[in-house]
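Coordinate analysis (summary)
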There are 2 protein chains.
Amino acid sequence: MREEKADPVEIFVAFLRREGLNVTRSRLAVLRAIAAQPKHFEVAELQSSLRAQVSPATVYRTLGLLERAGLVRKLSFGETHAHYERAFGREDHGHLICQRCGRVWEFPIEGMRATLEKAAQTTGFSLREVVVEGYGVCRDCREAEPV
Amino acid sequence: MREEKADPVEIFVAFLRREGLNVTRSRLAVLRAIAAQPKHFEVAELQSSLRAQVSPATVYRTLGLLERAGLVRKLSFGETHAHYERAFGREDHGHLICQRCGRVWEFPIEGMRATLEKAAQTTGFSLREVVVEGYGVCRDCREAEPV
DNA sequence: CTCCATGCAAATCTTTTGCAATCCT
DNA sequence: AGGATTGCAAAAGATTTGCATGGAG
């Protein structure tokens, strides 16, 4: 019987040990802050939720590690700065992004990973993350200014 | 009988007129340069292909217009600077991005737009662009350094 | 004790903007 | 002519990096 680790902290600690890196107070604080964020967040939001606990440089460095550990996913939402989302404790899903107000809706994409897996196999690719995004205009914005 | 315009220049000109904007030498040069780019490109690449013809500021401004006109799509490929691809004369497709070497493979995603359309309808969203990306490690990189 | 990690500030890079000169229509 | 557009240089952001100091194993 295999025990699946679902706890992001355990996963992160295991990742760090495997890489010969230290488990530090700052790194854990960033992970904790992410768990407390809404589903997606910008780096600035994460930083202010960690105000004074962790420097910006370390927040960036830790996001990179969490990404490598598969605990966080980087998204852009069409903007010039990065957005992130937790990759743990969530079903696969896509995002609908309003190009006017920037709000984001999620929707299920079961089955889509299978399509990508197949394409990946054909290419000899080992697939880690799947990102599905739809850009357009939400109802509110359309009503506010048709066009 | 309706005549479908497939020519990007015609589409762009129509878009500009509709918006009360001028059809300028620079704008057309940017569009022409894009048509000559490989499927995806970075802004820096586009700029150097336009060396001295169009200033960087105008390249950025024009990319924004082309995006609004639906002739170009913005992608990030997980990097901090923008990538673009032509949105004309192409079937819907997804991208597989290697997180080690940055190379990109395309693959067909017929049917995926339908899934997004459905989600969009549910949300009252008017859908314009679809982006499907898979991140992972390509065969070459895996062979070069397993892990 | 030996590396690794952190903070700080400086450095990079990309993208955006203000403004005077120039181009479209 | 009259508003739109451009280039230039400066500004604004976001992210990365060098280095001396403090922390984990």
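Description of the structure in this document. The model shown is predicted, which means the values in this text are computed figures rather than measured ones.

**Examining the sheet that holds strand β6 (residues 126–137) of chain B**
Sheet architecture is open: six strands sit in the order β5(A)-β4(A)-β6(A)-β6(B)-β4(B)-β5(B), paired in mixed fashion. The sheet is open, and its two edges are formed by β5 (104–108) of chain A together with β5 (104–108) of chain B, each paired on a single side. Neighbour-to-neighbour, the strand axes of this sheet turn through a mean angle of 25 degrees, independent of strand direction. By the bridge criterion, four bridges tie strand β4 (residues 93–98) of chain B to β6 of chain B in an arrangement that is parallel. Paired with His95 of chain B across the strands is Glu133 of chain B, a residue of β6 of chain B. Sheet strands in contact with helix α5 (residues 112–123) of chain A are β6 (126–137) of chain A together with β4, β5 and β6 of chain B, and its direction is about 125 degrees off that of β6 of chain A. Its contacts with the sheet put helix α5 (residues 112–123) of chain B on β4 (93–98), β5 and β6 of chain A together with β6 of chain B, and the angle it makes with β6 of chain B is roughly 125 degrees.

**Section: the nonpolar core**
Ranked by size, the top nonpolar core spans 30 residues in total, and within it Val132 of chain A together with Val132 of chain B carry the most contacts. Val132 of chain B has contacts with Leu116, Val131 and Val132 of chain A together with Gly94, His95, Phe107, Ile109 and Met112 of chain B, leaving out every residue within four places of it along the chain.

**Let's talk about the environment of Val9 of chain A**
All names here are of chain A. Its place among the elements puts Val9 in helix α1 (residues 8–18). Among the residues examined, Val9 registers a relative accessible area of 36% and is labelled partly exposed. Residues Val9 and Leu28, 19 residues apart in the sequence, show an inter-C-alpha distance of 7.5 Å. Contact partners of Val9, with chain neighbours within four places excluded, come to Leu28 and Leu31.

How each quantity is defined
- Residues numbered from 1 in each chain as written.
- Chains lettered and ligands numbered in written order.
- Predicted model: local features only at pLDDT ≥ 70, side-chain atom pairs only at ≥ 80, totals over all residues.
- Heavy atoms only, no water.
- Pairing = 2+ DSSP bridges.
- Helix = DSSP H or I, 4+ residues; strand = E, 2+ residues; numbered from the N terminus.
- Axes fitted to C-alpha atoms, helices over the stretch in contact; angles between N-to-C directions.
- Contact = heavy atoms within 4.5 Å.
- Core = buried A, V, L, I, M, F, W, Y, C linked by side-chain atoms within 4.5 Å.
- Buried < 20%, exposed > 50% of the residue type's maximum accessible area, 1.4 Å probe, protein only.

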